[in-house]
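Given next are the chains, with one letter for each unit.
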Amino acid sequence: MTERGIKKKLVGNVVSNKMDKTVVVLVERLTKHPTYKKYIRKRSKYMAHDPKNLCSIGDRVRIIESRPISKRKRWQVLEIVEKANIEE
């Protein structure tokens, strides 16, 4: 069996984990302005499925495209790249 195409993978920071089994991931990209050739920072928020509730706010995570899980969830947490430094 072969895979059905290549799934997108993105890296971003967790900005919310208040929902059950769901995190909100903020992904930043640098794009070049077509006329002025200046680099612009663009941001996108993605809701990602986190089945074991392992992610916390501030974690750097890698997410992967998946089938629709709910109305706004189309991504899954693949791995936690870097845990947040929580100093208490």
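Here, the structure is the one placed above.
The sections below set out a description of the structure shown in this document. (Residues numbered from 1 in each chain as written. Predicted model: local features only at pLDDT ≥ 70, side-chain atom pairs only at ≥ 80, totals over all residues. Heavy atoms only, no water.)

In this section: the environment of His 49. Position of His 49 relative to the elements: it lies in strand β3 (residues 39–49). Separated by 44 residues in the primary sequence, His 49 and Gly 5 place their C-alpha atoms 21 Å from one another. Of the polar contacts made by the side chain of His 49, one reaches the backbone oxygen of Lys 21; its length is 3.3 Å. (Helix = DSSP H or I, 4+ residues; strand = E, 2+ residues; numbered from the N terminus. Polar contact = N/O pair within 3.5 Å; in protein donor to acceptor, adjacent residues only side chain to side chain.)

Quick look at the side chain of His 49 now. By relative accessible area, which is 16% here, His 49 ends up buried. Contact partners of His 49, with chain neighbours within four places excluded, come to Lys 21, Ile 69, Lys 73, Trp 75, Gln 76 and Val 77. (Buried < 20%, exposed > 50% of the residue type's maximum accessible area, 1.4 Å probe, protein only. Contact = heavy atoms within 4.5 Å.)

Here we have five strands rolled up into a closed barrel, ordered β1-β2-β3-β5-β4, and mixed in their pairing. Ignoring strand direction, the axes of neighbouring strands in this sheet form an average angle of 50 degrees. Where strand β4 (residues 60–65) and strand β5 (residues 73–82) come together, six bridges link them in antiparallel fashion. Its bridge partner being in β5, Ile 63 is matched across the sheet by Val 77. (Pairing = 2+ DSSP bridges. Axes fitted to C-alpha atoms, helices over the stretch in contact; angles between N-to-C directions.)

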